Amino acid sequence: MPWELPATEVTPESVFRDRRNIVKALGLGAIGASIPGHVQAGLFDLFGEKREAFVTSNLNYRSNPEFQLPESLTPLDKVTRHNNFYEFGTGKQDPFENSQGLKVNPWMLKVEGEVERPLTLDYDILLKLLPLEERHYRLRCVEAWSMVIPWVGFPLAALLAKAGVKSSATHVAFETLFDPEQMPGQRNRLMGGGIHYPYVEGLRLDEAMNQLSFLSVGLYGKTLPPQNGAPVRLVVPWKYGFKSIKSIVKIRLLDKQPPTSWNQLAPHEYGFYANVNPRVDHPRWSQATERRIAEGGIFSAKRIPTQMFNGYGEQVAHLYRDLDLRKYY
Ligand code: MTE
């Protein structure tokens, strides 16, 4: 029982009223990722939690040398404890704290719309259909923090090739799981940040086919934890993080541009394109620099200049040659 643990001696009693603070006080947040799942589950049981902590498993993949970066990787505990996943709350630790019970198996990912062969992939097929590779990508959030994350997954284009994209398709729409029972932010408008769920995103077809567009099923060599978008999420590293939609259940090929969640919520602040661009500020803050999250807290994170297209201009600048990026933000 928690009051028998030595941490009580050094922690004010008030802190113990809240399970989330108990986990933090004991430092379980920091060590949780490095201990076996069944032990984690045991630790959560200590606090009378009915659900168990999520268990990730090892993946087989090759490291892709084309996608290495000169910068250091963001430590695992930051990647998995500082998240945006409004279905589980708007606080940075809410996704970790509220998502551990998410059921990812069984899962069903559908690829449909303007395709020759619609696909329905269950959890096992999803992990086996295509060879897995590891890529180190920068993730630049529109809120001006950033990380470097070692994702494991496969190119989006490889999955779309399996489905056979029809010549009528111009765009790709993505949809996150809608399950208010599992996702408290979908039950409570305030907790969910006002977003109209399910969370939806989209890309132009040429963006989706770009070699950088990636579907991630893992990070740091293991299957994704729920807070990072298990079992499968998009990663488009030259765009602000909100384009990288999590826990996807539907990929639909369309002949028109689909609506996107943040654009629907605040169209003057968030466009369809959302390319990382240090010269086009957010209406309420500058996008010229970012805090690169490393060891220590967010406010000790180093401020660095933001790069055009998040440093991926060589691969993607040609996609926007004829586009006014101020107008199409
Ligand atoms: N996907 C869904 N379904 N819901 C969300 O709230 N947040 C986005 C994106 N994908 C979000 C989402 C935002 S704003 C960012 S910055 C990234 O996820 C964060 O990814 P991370 O938590 O793995 O770092």
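Right above here is the structure, for reference.
Draft legend 1. Structural view of the overall build of the chain. Assigned secondary structure in the chain consists of 11 helices and 13 strands. Expressed as a percentage of the 329 residues in the chain, the buried residues total 53%. When contacts within the chain are restricted to residue pairs at least 6 apart in sequence, long-range pairs at least 24 apart make up 71% of them. Element-wise, carbon and sulfur atoms account for 54% of the exposed surface of the chain, whose accessible area totals about 15100 Å².

Draft legend 2. View of the environment of Gln68. Checked against the element boundaries, Gln68 lands in the loop between strand E1 (62-63) and helix H4 (76-79). Residue classification places Gln68 among the partly exposed positions, given a relative accessible area of 40%. In this view, Gln68 contacts Ser63 and His136; residues no more than four positions away in its chain are not counted. Among the polar contacts made by the side chain of Gln68, one reaches the side chain of His136 at a distance of 3.5 Å.

Draft legend 3. Quick peek at the nonpolar core. Counting 79 residues, the largest nonpolar core has Leu159 and Ile251 as the members making the most contacts within it. Setting aside residues no more than four positions away along its own chain, Ile251 makes contact with Leu109, Lys110, Val111, Glu112, Leu156, Leu159, Leu160, Val172, Ala173, Phe174 and Leu215.

Draft legend 4. Representation of the pairing of strand E3 (residues 119-122). Burial of the side chains of E3 is restricted to one face: Leu119 and Leu121 are buried, whereas none of Thr120 and Asp122 on the reverse face is. By the bridge criterion, four bridges tie strand E2 (residues 108-113) to E3 in an arrangement that is antiparallel. Bridging from a neighbouring strand, Val111 pairs with Leu119 of E3. Where E2 folds back on E3, the antiparallel hairpin that results is connected by five residues.

Draft legend 5. Layout of the site of the ligand. Taken together, 16 residues are adjacent to the ligand, and Asn83, Tyr86, Glu87, Ser244 and Lys246 come closest. Between an oxygen atom of the ligand and a main-chain N or O atom of Tyr86, the distance comes to 2.8 Å. In this structure, Arg233 approaches the ligand through a side-chain N or O atom, which is 3.1 Å from an oxygen atom. The fraction of the free accessible surface of the ligand (540 Å²) that becomes covered by protein chains is 98%. More than half of the atoms of the ligand fall within 2 Å of the grid points belonging to the largest pocket. Here the residues of the shell around the ligand sort into seven nonpolar, six polar and three charged.

Conventions we followed
Residues numbered from 1 in each chain as written. Predicted model: local features only at pLDDT ≥ 70, side-chain atom pairs only at ≥ 80, totals over all residues. Heavy atoms only, no water. Helix = DSSP H or I, 4+ residues; strand = E, 2+ residues; numbered from the N terminus. Buried < 20%, exposed > 50% of the residue type's maximum accessible area, 1.4 Å probe, protein only. Contact = heavy atoms within 4.5 Å. Areas by Shrake-Rupley, 256 points an atom, 1.4 Å probe, with all protein chains shown as cover. Polar contact = N/O pair within 3.5 Å; in protein donor to acceptor, adjacent residues only side chain to side chain. Core = buried A, V, L, I, M, F, W, Y, C linked by side-chain atoms within 4.5 Å. Pairing = 2+ DSSP bridges. Near = heavy atom within 4 Å. 1 Å grid on protein atoms, 1.4 Å probe; cavity = no way out; pocket = protein on both sides within 12 Å on 5 of 7 lines; lining within 4 Å. Sits in = over half its atoms within 2 Å of the grid points. Nonpolar A, V, L, I, M, F, W, Y, C, P; charged D, E, K, R; others polar.

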